[in-house]
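# Examination of the molecular architecture
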Protein chains: 2
Amino acid sequence: MAGIFQRTVRLRAAVRHLCPHSTLTCAARLSPADFHSPFLACSSGQFVASTRKLHVEPKSSPAGAPERLPFSKVTDEDLAYFRKILPGRTITDPDLVESSNVDWLKTVKGSSEVLLRPQTTEEVSQILRYCYNRNLAVNPQGGNTGLVGGSVPVYDEIILSTSLMNNILTFDNISGILTCQAGCVLENLSLYLEERDYIMPLDLGAKGSCQIGGNVATNAGGLRLLRYGSLHGTVLGLEVVLADGRVLDCLATLRKDNTGYDLKQLFIGSEGTLGVITAVSILCPRKPKSTNSYLFLLLGCETFEELLKTFQLCRGMLGEILSAFEFLDSECMRLLNTHLKLPNPISDCPFYIVIETSGSDPDHDSQKLDNFLEEAIASTFVTDGTVATEESKIKALWSMRERVTEALTHDGFTYKYDISLPVERIYQLVTDMRQHLGDRAKSVVGYGHVGDGNLHLNITSPAKDPALLAAIEPFVYEWTASCQGSISAEHGLGLKKRNYIYYSKPSQAVALMGNIKAMLDPKGILNPYKTLPDNLK
Amino acid sequence: MAGIFQRTVRLRAAVRHLCPHSTLTCAARLSPADFHSPFLACSSGQFVASTRKLHVEPKSSPAGAPERLPFSKVTDEDLAYFRKILPGRTITDPDLVESSNVDWLKTVKGSSEVLLRPQTTEEVSQILRYCYNRNLAVNPQGGNTGLVGGSVPVYDEIILSTSLMNNILTFDNISGILTCQAGCVLENLSLYLEERDYIMPLDLGAKGSCQIGGNVATNAGGLRLLRYGSLHGTVLGLEVVLADGRVLDCLATLRKDNTGYDLKQLFIGSEGTLGVITAVSILCPRKPKSTNSYLFLLLGCETFEELLKTFQLCRGMLGEILSAFEFLDSECMRLLNTHLKLPNPISDCPFYIVIETSGSDPDHDSQKLDNFLEEAIASTFVTDGTVATEESKIKALWSMRERVTEALTHDGFTYKYDISLPVERIYQLVTDMRQHLGDRAKSVVGYGHVGDGNLHLNITSPAKDPALLAAIEPFVYEWTASCQGSISAEHGLGLKKRNYIYYSKPSQAVALMGNIKAMLDPKGILNPYKTLPDNLK
């Protein structure tokens, strides 16, 4: 015991000496041959036999938009009605509607001529009741930060923006339960809560503009899922306006409520196709005691197997204080360096791990981190690393992970895939894709949330390249389906991925989704062309 | 800092000296007058005006069974079919069927003459396809430990037991994801996982006989919900056989999957009325490092306000290692002492708090606990307490909380209520009920999960007493509804509470539940007379 204690003290002293931005380098490096990998190896041509069948059906039209459905067109009479119920908030100036017609990635563009900005649930209800009776299609829109074309109109759907529904309704500082309107921006909620010693259970790169209603409608994952779980667990209640204008009040503020079916769950992740979320109640965790109790590590690994072993070690030793375990590959690091001039703070490695911890006792947390580091170094899972404890340095290191998306936009036209796989398989897809594409791609990079088994696979080319796309798809979907993975871990299906649903869901389940849609929105006016495949309509 | 450190060391030394079953007594006790309560006071006659409307509809027949619905009766031909597909597992011997006809509390008794014991999903599918075509009603049954009459037949429904579906299918020791058949007993799963350094994310008093399929079907809460959240977050996938025999395969083993609507959520908490759960995939947390890292406190408080202040302090100071915060009142302690001869290990107090922590570092955990205790004592929130670190002593103290139900059964006929309320209101209901009933009740006791806002209110009388029941109901439901509480926090509605659903859900939501039931089970053969109110049928 004394020996371990002394070593810990020494290491902690060393880490403190090197902080806030120290580099720990190990003398010994393992060669891959030193490893007895417990993980399945699988190349693109050698899929492990699956006991579950592949549910792939013929695709009528993959990512592109289908024909416009026979909804009514907006008339002057309609506009007069909207102006009456939303005076000054019925926007028809094309310049003002423009930004709501285009998605964040600028890959989907609608041609809506009307943007409605209600402030209350009652106004949303009036709008939908009217549109339902008139058979007018509606595109509910939050912060418009989605990546699959789910948040913008495809044709001339009326855009119903929740941006002006941005009031916090209640906050209970004993239970940590917040209720607010759907249009509250995530970052504003975070700031509000932090003043009250709480935090939001989710955090996203898009927090400055995404809205909580949109987060819930898309079941956003993000950076804290590993620690606080999904919105299916943390959202306690929803208020939803149904397609015909009826208000469904499930805005409970209770941690436990087993009175009948949990209807709110249907709307979490349904991308605005079943109803418009107007208010949310959510369970918020206590804020970690002080900013000092955030500790941050960037580590390098020689192989993905070592990275996974580090993950297992980390979960065991950091346990309850582990709040993020992310990875990026050397290609990501190259792009960060090339396009954003972000230097690699440690020596070059094939894989980089980003670990964040947050707990209630800074001394305990740093000691746990020391012990973990000592063990990780001793077992030679990691070959290099740096620790940060100061907030500015933590932010600088986090940006290595958060700015990969931005670096990719500078690299060329980007084909983005958001894949969920058994954690031991996630990097094999990148390796196989790289081999499969060869010189046809400019860059093939992988990064993501190891703790959630979530890979962000990105492929760039100098310009849009249909031949490259044909080489990527359906290869990427078939590969994923062969491992019972999800072809959309957290981005949703929206317009772009709707027809690929059968790669991850059996036709029985998709048919049932169609029944639910027909039950809640018989005319199909809510966010048409999204989520469900064309062959259901 | 040095001063705090020295005090901590002293306190820790004191705790260690007194362990494993030490008593910390504070000299100073607060009188209630010393408190400036931040909480709303509310007696039965003085409900705070509610902004949400009460959704109470006329009740056709409250807790009792409605008329038998016109299902077919089981014929010899039916039995011959069942015997063919389930040879040796089609039970018709009345003595053997008997125990499956009666619920755990022995308050509901059906008259089924057939108990089917399938082993595979395919067999469940065959049974339901047949029953659906024949219009035979089916009562799915797990461990039959439910408390609201949801797990037994009401009339002659065929009992479909999942007890023989008890295989563990897969366990991934990197991700902690377990898949198993629905009939696995919770305790067996716990033992299996503990050998592999994991634990189940839920724990119940009934763990020795309840089954994971039943846990999911009833959205069981239990003792670990505070730490690991509800099954809506931890269940990753389900395999369900629908009423007509179709198998719905949503048995994903992914933490993230946003491909379409999350159908499995519908079945979590639907009490077997929408489908029969045949397999479950669930995310399991890592086991706390060693048994030593479980620490346990029993504390005494003079008022419920002090108890809540202790809760807030505890959440702030124990943070991520807090795994349970439970309470019982002095009436519970009296019954434990009277009927089970369990002595109160600390001095008499109006309220007792049970705190469990579990973390990854025993030294850190005990230091956190010391700091918390020191603060709680200094602020005079708690007036007495005892600490346990040895497993046997922890179990002995836990039984103070876990055996309240058993003590109640010895006290007389028990009227049980499982209420969810804003946490600051939970004990007011007990006080108001006590005052409201006066001498009519033998005992009125309150205990439950403070962290979840979940009160178990129990009222005893020497024998079944319709006049007493009439005094309790609808008083208890109206009181709960006036605080936007839930009339069933974790027990579900089953047969007994189905008609009270309107106290916690608006009629709009209940109507939608009816639509979902009609969509998935148009003939209504699955667990009839349960969950949904009679006026929907």
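Everything numeric in this text was worked out from a predicted model, so none of it was measured.

Within the element layout of this structure, asparagine 454 of chain A appears in strand β17 (residues 454-461). When its relative accessible area of 0% is taken as the criterion, asparagine 454 of chain A is described as buried.

Further remarks concern the pattern of salt bridges. In the structure shown here, the tally under the stated rule is 38 salt bridges over all chains. A salt bridge links glutamate 123 of chain A to arginine 89 of chain A; the nearest nitrogen and oxygen atoms lie 2.9 Å apart. One end of the pair, glutamate 123 of chain A, is in helix α4 (residues 121-134); the other, arginine 89 of chain A, is in the loop between α2 (76-85) and β2 (90-91), and 34 residues separate them in sequence. Judged by relative accessible area, which is 13%, arginine 89 of chain A ranks as buried. A salt bridge links lysine 109 of chain A to glutamate 98 of chain A; the nearest nitrogen and oxygen atoms lie 3.6 Å apart. Taken together, the residues lysine 109 of chain A in the loop between α3 (94-101) and β3 (115-116) and glutamate 98 of chain A in helix α3 connect sequence positions 11 residues apart. We classify glutamate 98 of chain A as partly exposed; its relative accessible area is 36%. Among the ionic contacts, a cluster of salt bridges with common partners joins Lys256 of chain A together with Asp452 and Glu490 of chain B.

What follows covers the interface of chain A and chain B. The partner chain B presents 90 residues to the 90 residues of chain A that form the contact. Between chain A and chain B the total buried area reaches about 7500 Å² when both faces are included, carbon and sulfur atoms providing 55% of it. By the criterion of area lost to chain B, the three top residues of chain A are Lys256, Asn258 and Tyr261 of chain A, representing 14% of everything that side buries. Taken together, the connections running from chain A to chain B amount to six salt bridges. One salt bridge connects lysine 505 of chain B with aspartate 257 of chain A, and the closest N-O pair in it is separated by 3.4 Å. The set of elements that each furnish at least two residues to the side of chain A that touches chain B consists of α7 (225-228), α8 (231-234), β9 (247-250), α9 (264-267), α10 (304-318), α12 (362-378) and α18 (507-520) of chain A.

All names here are of chain A. The sheet built from five strands is open, its strands ordered β6-β7-β10-β8-β9 with antiparallel pairing. Single-partner strands in this sheet number two, and they are β6 (168-172) and β9. Going from strand to strand, the sheet's axes swing by 10 degrees on average, the running direction of each strand aside. Relative to strand β10 (residues 276-283), strand β7 (residues 177-181) runs antiparallel, the two being bridged by five bridges. Of the residues in β10, the one forming a bridge with isoleucine 177 is leucine 283. Across the sheet, α4 lies against β8 (235-241), β9 and β10, angled at about 45 degrees from β8, the strand it touches most.

What follows is about the confidence of the model for chain A. Residue and element names in this part refer to chain A. Taken over all residues, the pLDDT of chain A has a mean of 87, while the share at 70 or more is 87%. Low confidence marks residues 1-61, where pLDDT is under 50. Its contacts with residues over four positions away, or in another chain, come to 107 contacts. In the model output, the complex is listed with pTM 0.88 alongside ipTM 0.87.

Once that is clear, we can look at the packing of α18 of chain A against helix α18 (residues 507-520) of chain B. Closest axis-to-axis distance for the α18 of chain A/α18 of chain B pair is 11 Å, and the angle between their directions is 140 degrees. By the criterion of interaxial angle, the relationship of α18 of chain A to α18 of chain B is oblique. The element α18 of chain A and its partner α18 of chain B pack so that their crossing is right-handed. Contacts between α18 of chain A and α18 of chain B involve Leu512, Asn515, Ile516, Met519 and Leu520 of chain A from the former and Leu512, Asn515, Ile516, Met519 and Leu520 of chain B from the latter.

A few words on the packing of aromatic side chains. Per the stated rule, a full pass over the model turns up 36 aromatic pairs over all chains. For the ring pair tyrosine 81 of chain B and tyrosine 130 of chain B, a centre distance of 4.1 Å and an interplane angle of 10 degrees mean the geometry is stacked. With tyrosine 81 of chain B in helix α2 (residues 76-85) and tyrosine 130 of chain B in helix α4 (residues 121-134), this pair connects stretches of sequence that are 49 residues apart. On the basis of relative accessibility, which here comes to 18%, the residue tyrosine 130 of chain B falls in the buried class. When the ring of phenylalanine 304 of chain B is compared with that of phenylalanine 327 of chain B, the centres are 5.3 Å apart and the planes differ by 70 degrees; the resulting orientation is edge-to-face. Of this pair, phenylalanine 304 of chain B sits in helix α10 (residues 304-318) while phenylalanine 327 of chain B is found in strand β12 (residues 322-329), placing the two residues 23 residues apart along the sequence. Taking the relative accessible area as the measure of exposure, phenylalanine 304 of chain B reaches 7% and is therefore buried. Since its relative accessible area comes to 0%, phenylalanine 327 of chain B is described here as buried. By the ring-pair criterion, three or more aromatic residues cluster together here, those being Phe304, Phe327, Phe351 and Tyr427 of chain A. Here the guanidinium or amino end of arginine 286 of chain A rests over the ring plane of tyrosine 198 of chain A, the centre of that ring lying 5.4 Å away.

The rules behind the values
- Residues numbered from 1 in each chain as written.
- Chains lettered and ligands numbered in written order.
- Predicted model: local features only at pLDDT ≥ 70, side-chain atom pairs only at ≥ 80, totals over all residues.
- Heavy atoms only, no water.
- Helix = DSSP H or I, 4+ residues; strand = E, 2+ residues; numbered from the N terminus.
- Buried < 20%, exposed > 50% of the residue type's maximum accessible area, 1.4 Å probe, protein only.
- Salt bridge = Lys/Arg side-chain N within 4 Å of Asp/Glu carboxyl O.
- Contact = heavy atoms within 4.5 Å.
- Buried area = accessible area lost by both parts, 1.4 Å probe.
- Pairing = 2+ DSSP bridges.
- Axes fitted to C-alpha atoms, helices over the stretch in contact; angles between N-to-C directions.
- pLDDT = per-residue confidence, 0-100.
- Parallel < 35°, antiparallel > 145°, perpendicular 65-115°, else oblique.
- Left-handed = near helix turned anticlockwise from the far one by under 90°.
- Phe/Tyr/Trp six-rings, centres within 6.5 Å; stacked < 30°, edge-to-face > 60°.
- Lys NZ or Arg CZ within 6 Å of the ring centre and 35° of its normal.

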